[in-house]
Amino acid sequence: LPGTFILSLDTEIAWGTYGAADVAARAASFDVYRDLICRLLDLLDRYQIPATWAVVGHLLLDACDGHPDLPQPHYVWADAPDADRDPCTDAMRDPWYYGPDVIAAIRAAQVEHEIGTHTFTHVLAGDAAVTPAIWEAQLAACAALHREHGLPMHALVYPQNRVAYVDRLAAHGITVYRGQEARPYRRSTHPAARLLSLLDYALSRTPPTYAPSTLAASGPPLNLPASQFLLSYDGVRRFIPTGARIRQARRGLDQAIRRGEIYHLWFHPFNLGSGAGMFDALAGILKLAAARRDAGDLQVLTMGAAADWIRAQGESNGAG
Ligand SMILES: [Zn+2]
Ligand SMILES: [Zn+2]
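Note that this is a predicted model, so its numbers are computed, not measured.

A.B. asks: Explain the overall build of the protein to me, please; I cannot follow it from the model alone.
C.D. replies: Secondary structure assignment for the protein yields 10 helices and nine strands. Taking 320 residues into account, the globule formula puts the C-alpha radius of gyration at 20 Å, and the protein, at 19 Å, falls close to it. Expressed as lengths along the three principal axes of its C-alpha atoms, the size of the protein is roughly 50 × 50 × 45 Å. A separation of at least 24 residues holds for 77% of the contacts in the protein among residues at least 6 apart in sequence. In the form shown here, the protein has an accessible surface area of approximately 13,500 Å², with 54% of it arising from carbon and sulfur atoms.

Okay, structure coming up:
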């Protein structure tokens, strides 16, 4: 078996950022979001790397007047109902919340990317405020929009990687989701967990990679867990050198190739605005992946294609 490389991108512009202070902190990246997307698409074309873009469904809209028929959460930690984050205007006035041009650019790229979903308004499954009815309505809204735009919807990335309602995905056509990285402390809120996580990056520790045979046993839908978040340059993270990010990815790719496993990298396109090193880190990683692919050691797949491939492997193994 060859190694497998998967790149998934949480495509949300401002939908995944909560609270005025955090939105303000990322405003500069949101303002240049279209430029970041353009450069990112060029880079993916240059190295012929298809990615899975998990898009917030609302970005497919040109305009809206709110969604009175859609049940939406009111998180206990938020001042206002989540529906209040919707500007109820259009892409001209609020390009951080509508992005049909962004989706069109992804579809116009030379490489054929996959458009998956990141829910309709970035609702947090697993939060008590997100009831089964809310979750159903979110996925139904996305499925309808994807149908309308002629976009299959096979891949889901959970907002904040909070996995829940897995049994409710297949009904909406979802065959694969990105699960949590197999590092227990990443889920912990203990202060030491953050330090351990940062140390992993600083030391470029080999990220987890996954055996297709083990993944085939999950689901349906199939769980395709993350291996590495391409660390942004926010706050103390900017002291981690670009080389450490690339080295960590190389170790993940090497291990995936050696063992015939899957290495799954992810980030948000707005992270590319956090520092000049971010594009350098990504370019370094894509160059490595492309070289290994061209040497015949590595396949580069979208989440949907990887799920199909893993299932086929599982079946041929089962058939003996
Ligand atoms: Zn809306
Ligand atoms: Zn998100």
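A.B. asks: Any chance you could explain the coordination of the zinc ion (ligand 2) here in plain terms?
C.D. replies: Surrounding the zinc ion (ligand 2) are the protein donor atoms Glu 12 (OE), His 118 (NE2) and His 122 (NE2), at 2.0 to 2.1 Å. Mapping the donors of the zinc ion (ligand 2) onto the primary sequence yields the spacing E-x105-H-x3-H. Of this pair, Glu 12 sits in the loop between strand 1 (3-11) and helix 1 (20-25) while His 118 sits in the loop between strand 3 (114-117) and helix 5 (132-148), placing them 106 residues apart in sequence. Taking the relative accessible area as the measure of exposure, Glu 12 reaches 2% and is therefore buried.

A.B. asks: Just to check I follow, could you spell out the packing of helix 3 (residues 33-46) against helix 4 (residues 100-108) for this structure?
C.D. replies: Helices that pack against each other are described as a pair by the angle of their axes relative to one another and the distance between those axes. Where helix 3 contacts helix 4, the two axes come as close as 10 Å, and the packing angle between them is 10°. Taken together, the axes of helix 3 and helix 4 are roughly parallel relative to one another. Taking contact as the criterion, the partners of Tyr 33, Arg 34, Ile 37 and Leu 41 in helix 3 are, on helix 4, Asp 101, Val 102, Ala 105 and Ile 106.

A.B. asks: Is there a simple way to explain the packing of aromatic side chains in this structure?
C.D. replies: The description of an aromatic ring pair rests on the distance of the ring centres and on the angle between the ring planes. Here the structure, examined in full by the defined rule, presents 11 aromatic pairs. Note on Tyr 158 and Tyr 177: the rings are 5.7 Å apart at their centroids and 85° apart in plane angle, and the pair reads as edge-to-face. With Tyr 158 in the loop between strand 4 (155-157) and strand 5 (176-178) and Tyr 177 in strand 5, this pair connects stretches of sequence that are 19 residues apart. Judged by relative accessible area, Tyr 158 falls into the buried class, the value being 0%. A relative accessible area of 9% places Tyr 177 in the buried class. Their ring planes at 45° and their centres at 4.7 Å tell us that Phe 229 and Trp 266 sit as a pair that is tilted. Pair noted here: Phe 229 is in strand 7 (residues 228-229) and Trp 266 is in strand 8 (residues 262-267), with a separation of 37 residues, a long-range link.

A.B. asks: How do you make sense of the pairing of strand 2 (residues 52-55) when you look at a structure like this?
C.D. replies: Within a regular strand, side chains alternate between the sheet's two faces. Covered by surrounding structure in strand 2 are Thr 52 and Ala 54 together with Trp 53 and Val 55, the residues of both alternating faces. Two elements, strand 1 and strand 2, share four bridges in a ladder whose sense is parallel. Paired with Thr 11 across the bridge in strand 2 is Val 55. Where strand 2 and strand 3 come together, four bridges link them in parallel fashion. Residue pairing across strands places Val 55 opposite Thr 117, the latter belonging to strand 3. For the crossover from strand 2 across helix 4 to strand 3, the handedness is right-handed.

A.B. asks: Got a minute to help me understand the layout of surface pockets in this structure?
C.D. replies: Think of a ball as big as a water molecule: rolled over the atoms, this probe shows where empty space is left. When its volume is computed, the second largest pocket comes out at roughly 310 Å³. Together, 15 residues line the second largest pocket, and Glu 112, His 113, Glu 114, Ile 115 and Pro 152 are the ones closest to its centre. Mapped by element, the contributors of at least two residues to the lining of the second largest pocket are helix 4, strand 3 and helix 10 (303-318).

A.B. asks: Would you mind going over the coordination of the zinc ion (ligand 1) with me for this structure?
C.D. replies: The protein atoms that coordinate the zinc ion (ligand 1) are His 58 (NE2), Cys 64 (SG), His 67 (NE2) and Asp 86 (OD), at distances spanning 1.9 to 2.2 Å. Bound by four donor atoms, the zinc ion (ligand 1) shows angles of 98 to 120° at the metal and therefore tetrahedral coordination geometry. Expressed as a motif, the donor residue spacing for the zinc ion (ligand 1) is H-x5-C-x2-H-x18-D. Here Cys 64 matches His 67 in class, with each residue buried.

A.B. asks: Explain the side chain of His 172 here, please?
C.D. replies: Along the chain, His 172 turns up in the loop between strand 4 and strand 5. If near-sequence neighbours (up to four positions away) are discounted, His 172 is found in contact with Glu 136, Leu 139, Ala 140 and Met 153.

Basis of the calculations
Residues numbered from 1 in each chain as written. Chains lettered and ligands numbered in written order. Predicted model: local features only at pLDDT ≥ 70, side-chain atom pairs only at ≥ 80, totals over all residues. Heavy atoms only, no water. Helix = DSSP H or I, 4+ residues; strand = E, 2+ residues; numbered from the N terminus. Rg over C-alpha atoms; globule rule 2.2 N^0.38 Å. Contact = heavy atoms within 4.5 Å. Areas by Shrake-Rupley, 256 points an atom, 1.4 Å probe, with all protein chains shown as cover. Donors = N, O, S within 2.8 Å, 3.2 Å for Na, K, Ca; no water. Buried < 20%, exposed > 50% of the residue type's maximum accessible area, 1.4 Å probe, protein only. Axes fitted to C-alpha atoms, helices over the stretch in contact; angles between N-to-C directions. Parallel < 35°, antiparallel > 145°, perpendicular 65-115°, else oblique. Phe/Tyr/Trp six-rings, centres within 6.5 Å; stacked < 30°, edge-to-face > 60°. Pairing = 2+ DSSP bridges. Right-handed = clockwise from strand over helix to strand, strands pointing away. 1 Å grid on protein atoms, 1.4 Å probe; cavity = no way out; pocket = protein on both sides within 12 Å on 5 of 7 lines; lining within 4 Å. Points joined across faces, edges and corners; volume = space filled by probe spheres on them. Tetrahedral: all angles 85-135°; square planar, octahedral: opposite > 155°, others 65-115°.

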